[in-house]
Amino acid sequence: MNKFYLYLLLLLPFGAQAQQYVLFDTSTINYKSKLIGYYKTDPYSDKMDFIIDNPDDIKELIVSFTAGAEQDPQMPRDYYIVTLSQNNNEVKSWTFDMVRGCTLYEGRSYAYDVKKIRKLAKQNPLRVKEVTATFKTNEEAEQFLKKQQLDRNLLYSKLNKVRHEGQFTLRVPRLTTDPRIRIATDTVRKQLSRLAAPGTFTVLYVNNRSVAADNKHYTFTIYSKKDTYDYLDIPKWEKGKWGAIEATVFLYYRKYK
């Protein structure tokens, strides 16, 4: 089951006394709060999911997640996610390394007995159904999500809003044998600024194996409005096909069978 999203952690250096930075205010937890655990590794899906909706139990568990001794943070090998939701919206999340036995939270690592996670899953099993819906505008997506919030079985929701109307690939000739990526990027931005207002487009340099082998062009991904794409017409600049970007709603419902 492809559940929720992979939460990318910024594993930064930290001081020995870091507990003061990770204290979480549990006073806001009430009967509308849910603590949901799910295994990101597919073979363990469902068998390791849990849900807890008792406010007192949630408060006690959250405090325990970062109560262990701090360790040097490392990227998790086998990770499990626990999410705190309020009114079906995510408030906080914790990542557990099921191999090393620790909690990763806000760039820090704490020793944790991961057997407790397995016990929670056994005592509070959860089954989840995932639904994805796409819309042409943010407004349509928001209206749909508002109606779904009335469903008592809805556990969690996420709305990826549309920032730009669409995207396209742009290939720009290289004028020198030595790569001058920054200069080329600035040139593309300058040309687009003549067609569109600041903040209405984004320029990203593409760096992968296929484009790295091309020593005659720079390749960019452009996010913009459709009319910016239409008006862009520079000799020898190669525009790819236009692709519209849709607002996406991710919904996760509790499944009883």
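Predicted, not measured: the structure shown is a model, and the values here were computed from it.

1. Section: the overall build of the protein
Thinking step 1. Each helix and strand in the protein was counted, giving six helices and 15 strands.
Thinking step 2. Relative to its 257 residues, the protein shows a buried fraction of 42%.
Thinking step 3. By sequence separation, contacts in the protein at least 24 residues apart represent 73% of the contacts at least 6 residues apart.
Thinking step 4. For the protein, the exposed area adds up to about 15400 Å²; of that, 50% sits on carbon and sulfur atoms.

2. Regarding the pattern of salt bridges
Thinking step 1. What the rule picks out here adds up to seven salt bridges.
Thinking step 2. In this structure, Glu 106 and Lys 92 form a salt bridge, with 2.9 Å as the shortest nitrogen-oxygen distance. Here Glu 106, found in the loop between β6 (102–105) and β7 (108–111), pairs with Lys 92, found in strand β5 (residues 89–97); they are 14 residues apart in sequence, far enough to count as distant.
Thinking step 3. A relative accessible area of 41% means that Glu 106 is categorised as partly exposed.
Thinking step 4. The residue Asp 214 makes a salt bridge to Arg 171 at a minimum N-O spacing of 2.7 Å. With Asp 214 in the loop between α5 (209–212) and β12 (217–224) and Arg 171 in strand β10 (residues 166–173), this residue pair connects regions lying 43 residues apart in the sequence.
Thinking step 5. Judged by its relative accessible area of 17%, Asp 214 falls in the buried class.

3. Overview of the sheet that holds strand β8 (residues 128–135)
Note: strands within a sheet are paired through backbone hydrogen bonds, in either parallel or antiparallel orientation.
Thinking step 1. Pairing in this open sheet of three strands is antiparallel, and the strands run β8-β15-β9 from one edge to the other. Strand pairing shows two members of the sheet lacking a second neighbour, β8 and β9 (154–160), which therefore form its edges. Here the average twist between neighbouring strands, direction ignored, is 15°.
Thinking step 2. Sheet topology note: the β9/strand β15 (residues 247–254) ladder contains six bridges and is antiparallel. Note that in β15 the partner of Leu 154 across the bridge is Tyr 253.
Thinking step 3. Its contacts with the sheet place helix α3 (residues 138–148) against β8, β9 and β15, and it is angled at close to 10° to β15.

4. Quick word on the confidence of the model for the protein
Thinking step 1. Confidence along the protein averages 83 in pLDDT terms, with 87% of residues attaining 70 or more.
Thinking step 2. Ranking the elements of the protein by mean pLDDT puts α5 last, at 74, and strand β13 (residues 238–239) first, at 96.
Thinking step 3. Here residues 1–22 is modelled with pLDDT under 50, and outside its nearest four sequence neighbours on either side it reaches 68 contacts, counting other chains as well.

5. A few points about the pairing of strand β4 (residues 79–86)
It is a general feature of regular strands that their side chains alternate between the two faces of the sheet.
Thinking step 1. Among the eight residues in β4, seven count as buried, and that is most of the element.
Thinking step 2. As judged from the eight bridges shared by β4 and β5, these two strands associate in the antiparallel manner. Across the sheet, Leu 84 pairs through a bridge with Lys 92, a residue of β5.
Thinking step 3. Remark: two residues form the turn of the hairpin made by β4 and β5, two consecutive strands paired antiparallel; Asn 87 in that turn has positive phi of roughly 55°.

6. Observations concerning the side chain of His 217
Thinking step 1. Position of His 217 relative to the elements: it lies in strand β12.
Thinking step 2. Of the polar contacts made by the side chain of His 217, one reaches the side chain of Arg 171; its length is 3.0 Å.
Thinking step 3. A polar atom in the side chain of His 217 sits 3.2 Å from the side chain of Asp 214.
Thinking step 4. Those residues in contact with His 217, other than ones at most four positions away along the chain, are Arg 171, Val 172, Pro 173, Arg 174 and Glu 238.

7. Considerations on the sheet that holds β6
Thinking step 1. With antiparallel pairing, the seven strands of this open sheet are ordered in space as β2-β1-β4-β5-β6-β7-β3. For this open sheet the edge positions go to β2 (50–52) and β3 (70–71), each flanked by a neighbour on one side alone.
Thinking step 2. The sheet contact formed by β3 and β7 spans two bridges and is antiparallel. Residue pairing across strands places Glu 70 opposite Tyr 110, the latter belonging to β7.
Thinking step 3. Most of the contacts of helix α1 (residues 55–65) go to strand β1 (residues 33–39), to which it runs at about 50°, and overall it touches β1, β2, β4, β5, β6 and β7.
Thinking step 4. Seen against the sheet, helix α2 (residues 115–123) touches β2, β4 and β5 and runs at an angle of roughly 80° to β2.

8. A closer look at the environment of Lys 226
Thinking step 1. Tracing the backbone shows Lys 226 in helix α6 (residues 226–231).
Thinking step 2. As for Lys 226 and His 164, which are separated by 62 residues in sequence, their C-alpha atoms are 9.0 Å apart.
Thinking step 3. Residues within four places of Lys 226 in sequence aside, it is in contact with Glu 165 and Trp 242.

What counts and how
Residues numbered from 1 in each chain as written. Predicted model: local features only at pLDDT ≥ 70, side-chain atom pairs only at ≥ 80, totals over all residues. Heavy atoms only, no water. Helix = DSSP H or I, 4+ residues; strand = E, 2+ residues; numbered from the N terminus. Buried < 20%, exposed > 50% of the residue type's maximum accessible area, 1.4 Å probe, protein only. Contact = heavy atoms within 4.5 Å. Areas by Shrake-Rupley, 256 points an atom, 1.4 Å probe, with all protein chains shown as cover. Salt bridge = Lys/Arg side-chain N within 4 Å of Asp/Glu carboxyl O. Pairing = 2+ DSSP bridges. Axes fitted to C-alpha atoms, helices over the stretch in contact; angles between N-to-C directions. pLDDT = per-residue confidence, 0-100. Polar contact = N/O pair within 3.5 Å; in protein donor to acceptor, adjacent residues only side chain to side chain.

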